Amino acid sequence: MMKRMTWSVGILFLACAPSARAEWFCKEGASERQGSALMACGVETDAAEAAARKKALAAAFEELDAICDRSVDCRDFELEIEPLRTDCREEKGRFKCYRAIRASITGKKRSKPYEKGQTLQADREKLDVTVRIDPRDLAALMQPQAPAGEAKKDAKPRCPSDLTALSQSLLDISTTERQQAMAREAVKVPLSELCAPIHYRVLSVLGRHGIELPAYSAFLLQEIDQIADPTADPRAEEVLDYFHRLGPLTETQWKSGFSVVRRAQTYGLYRLLPRIFYDQAASKGERALEQRRVDLLVEAVRKGELGKPVPLKLDDAMELLLRALRSHRTRGEPWLAAYAYEKYREGLAYSAPHKLARSLKSLGGEATDPGIRSASNAWLAELAKKAQPSYELSRVLVDVLNDFESDIKKQDDEEEEGIRKIAELRKLRAALIAGAGGAMGKNLAITNQEYERKSRTLLCLDLQIECPGLVPDADRLSHLLKSKKGQKRTEALEILLKMPKVATRLEPDLVATLRDVDEGKVEGAYDLPRRTLQVLAEIPTDNKDALRLAVDMHLRSRLTFQDVREKLGSNLEPFLLTELQKGSQRHHLRILMELEEFPQLAKPTCRHLETLTGDQLHYSVRDAAEKARRRCR
């Protein structure tokens with residue numbers, strides 16, 4: 001029976017009846033969380049029951065570690081671990097074990113920064129956990145077991161090496177001597193395609209515990225140097241990934257990785273490049289080293305030594321670098337990607353500017369570093385100004401402008417931080433538009449779809465970008481306002497709402513639109529009265545026919561003044577008063593309720609309101625008149 005941890009274990013969820021079994025939980029799910037309590041399960045098989053138990057426990061810790069890696073409260077605080085019972089049963093000559101562990105997140109801060117795969121290492125050791133790779137399990141990685149009774153003549157080839165010694169040495173690598181012994185056994189197994197999965201398992205164990213063995217590392221580098229096409233072969237990628245997990249590559253490791261990259265096909269470079277640069281470097285010396293390595297790669301590009309079957313141009317290499325030199329940990333400060341672009345952008349030919357633009361968009365959008373955010377914004381403006389306008393580039397620029405607007409709307413404009421952020425975003429957007437100059441409008445004017453033309457027209461008007469040929473002139477808008485189709489008139493009204501000077505010139509057409517809608521001459525005119533009045537309010541109109549017709553449509557519930565009251569109310573008031581002075585009380589209440597909303601009423605209106613007090617009036621009319629008189633000053 002395993003020893004209980006010496007720590008005090010808090011009250012945890014799943015503190016169920018003793019009859020609860022690990023097998024039941026493991027079948028329901030591999031992990032579970034409730035509040036500060038975690039439960040993880042491991043399931044493994046082995047020919048020996050003891051080995052299956054140990055492997056299942058190791059798998060449970062790996063599951064717990066994966067959860068902790070993605071949880072901020074778990075990453076920052078110590079854990080209290082309690083092993084639960086193990087359930088094992090024999091199946092066809094092998095033992096299958098289910099083992100669960102339970103943990104609670106304490107309020108005690110970690111003394112050391114969290115590192116995935118290492119934080120729980122001490123806990124595993126206290127539970128006497130060792131990692132075992134059984135020879136039969138290793139063989140199974142290459143070839144599944146054939147069903148009983150089937151012939152084995154079609155079985156795929158397996159690793160020919162004797163794996164017994166390696167398997168035994170991996171049972172315990174807790175000391176330097178044992179690690180070296182394991183390395184001696186590992187180098188006896190070639191890193192061939194058949195035997196590679198064995199080394200992947202070894203690399204996983206070493207990488208998870210942050211262990212590097214010089215003899216084994218030298219063997220790995222020697223092996224990947226012999227791979228002719230690293231793109232179609234995962235061995236080099238797996239080895240480089242192991243070295244990258246340990247930290248910045250040594251000079252020997254980097255040279256080998258650089259050689260791999262130069263032999264690779266272009267389509268696979270995006271997977272290999274992130275593994276030879278370490279953008280998490282902290283010290284100035286480490287950063288300078290990574291920058292020199294970027295310089296060496298760009299030099300290889302200029303010499304035509306990178307990319308197959310056709311050497312990469314600088315533009316293509318830069319786009320790859322911008323994607324490769326950012327990890328999830330450095331998105332806020334992608335310093336290495338910024339270094340590469342800033343130093344070598346003058347040599348770009350902008351052969352595919354939309355690809356570079358999209359990478360710069362991601363670079364700036366993810367960056368929290370103000371300097372990098374501002375620089376990437378300026379580089380994007382420079383690109384737009386120098387590159388040939390195109391539809392592909394226009395789509396990226398529209399996305400950037402829309403992202404600015406979306407980010408602005410997300411801010412709280414009533415809080416100091418939100419106000420500061422809004423000002424910062426607007427400043428960056430203005431700098432982008434100004435830096436791109438006329439090229440911004442030229443790109444935005446290139447559209448393929450009708451919806452793009454309409455949305456970009458409004459975007460150009462909102463941001464006051466001159467987009468040649470995109471925004472209709474006055475003659476075109478006048479033509480649209482005379483259409484029998486409501487959709488065309490609506491398009492014109494949306495544009496005129498943002499162009500009050502042009503709307504003033506077309507005031508007769510706007511008045512005619514109200515009249516045509518009232519007389520039923522326009523198809524699909526449901527929203528036209530409101531839109532037309534909004535445009536007239538921007539002038540603001542004092543046309544008597546328009547105002548009289550607007551009041552008449554309002555009383556027939558076809559128009560509301562809510563959107564235009566502030567700009568057009570004083571011009572509408574005399575026509576509302578005329579209706580109020582008529583003998584019929586049919587519309588009086590509606591008119592009075594409208595007058596209640598005016599900020600201030602004129603004297604003629606107030607004098608008439610004083611007369612609306614007699615008992616001959618309905619009480620609702622008298623009450624509404626009294627409320628409206630409060631607007632008289």
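Whatever comes next refers back to the structure up there.
All residue numbers here refer to positions counted from 1 along the written sequence of the relevant chain. Per-residue local features of the predicted model are confined to residues with pLDDT of at least 70, and side-chain atom pairs are confined, for both listing and counting, to 80 or more; whole-chain, interface and lining totals are unaffected and use all residues. The side-chain quantities take in all heavy atoms of the structure and omit both hydrogens and water.

K.L.:
Honestly, the overall build of the protein in this entry has me stumped. Any pointers?
P.N.:
In this description a helix means any DSSP run of H or I spanning at least four residues, a strand means any run of E spanning at least two, and both kinds are numbered starting from the N terminus. Helix and strand content of the protein: 31 helices and four strands. Partly exposed describes any residue whose relative accessible area lies between the buried limit of under 20% and the exposed limit of over 50%, with all areas from a 1.4 Å probe on protein chains only and scaled to the type maximum. Residues classed as buried in the protein amount to 47% of the 633 residues present. Nonlocal contacts in the protein, meaning residues at least 24 apart in sequence, comprise 70% of its contacts between residues at least 6 apart. Here the protein has roughly 32900 Å² of accessible surface; of this, 48% comes from carbon and sulfur atoms. Any pair of residues with heavy atoms lying within 4.5 Å of one another is described as a contacting pair. Note on areas: Shrake-Rupley, 1.4 Å probe, and residue coverage restricted to the protein chains presented here.

K.L.:
Help me out: how do you make sense of empty space enclosed by the protein in this one?
P.N.:
Where empty space is left in the structure can be found by rolling a water-sized probe over the atoms. Residues are said to line a cavity or pocket when one of their atoms sits within 4 Å of a point; the points come from a 1 Å grid over protein atoms alone, cavities being sets where a 1.4 Å probe fits but cannot get out and pockets being open sets with protein on both sides within 12 Å along at least five of seven lines. Grid points are joined across faces, edges and corners, and a volume is the space filled by probe spheres set on the points. Throughout the structure, instances matching the rule amount to two cavities of 30 Å³ or more. Along the walls of the largest cavity sit Asp315, Asp316, Glu319, Ser351, Ala352, Pro353, Lys355 and Leu356, which together make up its complete lining. Polar here means any residue other than Ala, Val, Leu, Ile, Met, Phe, Trp, Tyr, Cys and Pro, which are nonpolar, and Asp, Glu, Lys and Arg, which are charged; Gly is therefore polar. A breakdown of the residues in the lining of the largest cavity according to their chemical character gives three nonpolar, one polar and four charged. Looking at the second largest cavity, its volume works out to about 40 Å³. Around the second largest cavity sit Arg453, Lys454, Thr457, Leu458, Glu491, Glu494 and Ile495, which together line it. Here the element with the most residues in the lining of the second largest cavity is helix H21 (residues 450–462); it accounts for four residues.

K.L.:
Looking at this structure, I do not really get the pattern of salt bridges. What am I missing?
P.N.:
A side chain of one charge can pair with a side chain of the opposite charge if their charged atoms are brought near each other. A carboxyl oxygen of Asp or Glu within 4 Å of a side-chain nitrogen of Lys or Arg is what we treat as a salt bridge. Counted according to the given criterion, the structure contains 42 salt bridges. Its salt-bridge partner being glutamate 237, residue arginine 275 comes within 3.5 Å of it at the nearest N-O pair. With arginine 275 in the loop between helix H12 (269–272) and helix H13 (284–302) and glutamate 237 in helix H10 (residues 234–246), the pair connects residues that are 38 residues apart, well separated along the chain. Taken as a pair, arginine 275 and glutamate 237 share a single burial class, namely buried. Ionic pairing is found between arginine 262 and glutamate 305, a salt bridge with its closest N-O pair at 3.7 Å. Of the two residues, arginine 262 is situated in helix H11 (residues 251–263) and glutamate 305 in the loop between H13 and helix H14 (314–324); the sequence distance between them amounts to 43 residues. Judged by its relative accessible area of 31%, arginine 262 falls in the partly exposed class. Given the relative accessible area of 36%, glutamate 305 is considered partly exposed. Overlapping salt bridges, with partners in common, bring together Glu494, Asp527, Arg530, Arg531 and Asp563 in one network.

K.L.:
Which parts of the structure should I look at to understand the packing of aromatic side chains?
P.N.:
Geometrically, a pair of aromatic rings is defined through the distance of the ring centres and the angle of the planes. Pairing of aromatic side chains requires ring centres within 6.5 Å, counting the rings of Phe and Tyr and the six-membered ring of Trp. Pairs whose planes differ by under 30 degrees are stacked, by over 60 edge-to-face, and all others tilted. Under the definition given, this model contains five aromatic pairs. Judged by centre distance (6.4 Å) and plane angle (65 degrees), the rings of tryptophan 254 and phenylalanine 277 are edge-to-face. Within this pair, whereas tryptophan 254 is found in helix H11, its partner phenylalanine 277 is found in the loop between H12 and H13, the two being separated by 23 residues in sequence. Note on tryptophan 254: relative accessible area 2%, which makes it buried. Geometrically, the ring pair formed by tyrosine 341 and tryptophan 379 is tilted, given 5.2 Å between the ring centres and 45 degrees between the ring planes.

K.L.:
Got a minute to help me understand the state of the cysteines in this structure?
P.N.:
Disulfides are covalent bonds that connect the sulfur atoms of two cysteines. In this description, the term disulfide denotes a pair of cysteine sulfurs within 2.5 Å. For the coordinates displayed, the defined rule picks out four disulfides. The disulfide that involves cysteine 159 links it to cysteine 195, with 2.0 Å between the sulfurs. Taking the torsion about the sulfur-sulfur bond, which here is approximately 90 degrees, the covalent link between cysteine 159 and cysteine 195 counts as right-handed. Of this pair, cysteine 159 sits in the loop between helix H5 (135–142) and helix H6 (164–169) while cysteine 195 is found in the loop between helix H7 (176–186) and helix H8 (196–208), placing the two residues 36 residues apart along the sequence. Classification of cysteine 159 as buried rests on a relative accessible area of 12%.

K.L.:
Looking at this model, I keep getting lost on the packing of helix H17 (residues 370–386) against helix H18 (residues 391–410). Mind explaining?
P.N.:
Think of two packed helices as two axes; the pair is described by the angle between the axes and how far apart they sit. A fitted line through C-alpha atoms represents every axis, and for helices the fit uses only the stretch in contact; the resulting angles, taken between N-to-C directions, go from 0 to 180 degrees. Here H17 crosses H18 at 145 degrees, and the two axes come no closer than 11 Å. As for the relative orientation of H17 and H18, their crossing is left-handed in sense. Facing H17, whose interface residues are Arg373, Asn377, Leu380, Leu383 and Ala384, H18 presents Leu393, Leu397, Val400, Phe404 and Asp407. Residues belonging to the contact of H17 with H18 are distributed by class as follows: seven nonpolar, one polar and two charged. The crossing is said to be left-handed when, going from far helix to near helix, the turn is anticlockwise and less than a right angle, and right-handed when the turn is clockwise.

K.L.:
Explain the side chain of histidine 244 to me, please; I cannot follow it from the model alone.
P.N.:
The topology assignment puts histidine 244 in helix H10. Among all residues touching histidine 244, those that are not within four sequence positions of it are Leu249, Pro274, Arg275, Phe277 and Tyr278.

K.L.:
What should I look at first to understand the environment of glutamate 452 in this one?
P.N.:
In this fold, glutamate 452 is placed in helix H21. Sequence-distant contacts of glutamate 452, that is, excluding residues within four places in its chain, are made with Tyr391 and Thr447. Within the structure, glutamate 452 has its side chain in polar contact with the backbone nitrogen of glutamine 449 (distance 3.1 Å). N or O atoms within 3.5 Å of each other form a polar contact, as long as, within protein, one can give a hydrogen and the other can take it, and as long as residues adjacent in sequence are counted only when both atoms are side-chain atoms.

K.L.:
Which parts of the structure should I look at to understand unusual backbone geometry?
P.N.:
Both trends apply: most residues other than glycine have a negative phi, and most peptide bonds are in trans. Cis rather than trans, the peptide bond between lysine 308 and proline 309 has omega equal to 5 degrees. Structurally, the position occupied by proline 309 is in the loop between H13 and H14. The omega torsion across isoleucine 539 and proline 540 is -15 degrees, close enough to zero to call that bond cis. Take proline 540: it is sitting in the loop between helix H26 (528–538) and helix H27 (544–555). Phi is positive for tyrosine 350, close to 55 degrees, though the residue is something other than glycine. Here tyrosine 350 shows up in the loop between helix H15 (335–344) and helix H16 (353–366). Overall, the relative accessible area of 11% leaves tyrosine 350 in the buried class. Here the phi dihedral of glutamine 464 falls at roughly 55 degrees; this positive angle occurs in a residue that is not glycine. As for its position among the elements, glutamine 464 is in the loop between H21 and helix H22 (474–480).

K.L.:
What's the story with the nonpolar core in this structure? I'm lost.
P.N.:
One recurring pattern in soluble globular proteins: nonpolar side chains tend to sit buried together. Put simply, a nonpolar core is a bunch of buried Ala, Val, Leu, Ile, Met, Phe, Trp, Tyr and Cys residues held in one set by side-chain atoms that sit within 4.5 Å of each other. Tyr216, Phe277, Tyr341 and Leu444 are the most contacted members of the largest nonpolar core, which totals 102 residues. For tyrosine 341, the residues in contact, after removing those within four places along its chain, are Met318, Leu322, Leu348, Tyr350, Leu356, Leu360, Trp379 and Leu383. Grouped together as the second largest cluster of nonpolar side chains are 53 residues, Leu493, Ala525, Leu595 and Ala624 included.

K.L.:
Hey, could you run me through H11 in this one?
P.N.:
It helps to recall that an α-helix has 3.6 residues per turn; residues three or four apart then point in one direction. A helix's residues, less one, multiplied by 1.5 Å, set its expected span. An ideal rise of 1.5 Å per residue puts 18 Å on 13 residues; H11 measures up with 18 Å between its terminal C-alpha atoms. Looking at the buried side of H11, the elements it contacts are helix H9 (214–224), H10, H12 and H13.

K.L.:
Help me understand a negative patch on the surface, please; the structure alone is not making it clear to me.
P.N.:
A cluster of acidic residues, Asp412, Asp413, Glu414, Glu415 and Glu416, forms a negative patch on the protein surface. Relative to the assigned elements, glutamate 416 resides in helix H19 (residues 416–436). Residues form patches when they are more than 30% accessible in relative terms and have no salt bridge. Like charges link within 9 Å. Nonpolar side chains (Val, Leu, Ile, Met, Phe, Trp, Tyr) link within 5 Å. Charge assignment: positive for Lys and Arg, negative for Asp and Glu; neither His nor the chain ends contribute. A single reference atom marks each charge: NZ on Lys, CZ on Arg, CG on Asp, CD on Glu.

K.L.:
Can you walk me through the packing of helix H29 (residues 588–595) against helix H31 (residues 619–629) in this structure?
P.N.:
Axis separation between H29 and H31 bottoms out at 8 Å; the angle between their running directions is 20 degrees. Regarding the angle of H29 to H31, the classification is roughly parallel. Both H29 and H31 take part in a crossing whose hand is left-handed. Contacts from His588, Leu589, Leu592 and Leu595 of H29 reach H31 at Ser620, Val621, Ala624, Ala625 and Ala628. Of the residues assigned to the contact of H29 with H31, the class counts are seven nonpolar, two polar and no charged. Working definition: roughly parallel below 35 degrees, roughly antiparallel above 145 degrees, roughly perpendicular at 65 to 115 degrees, and oblique for all remaining angles.

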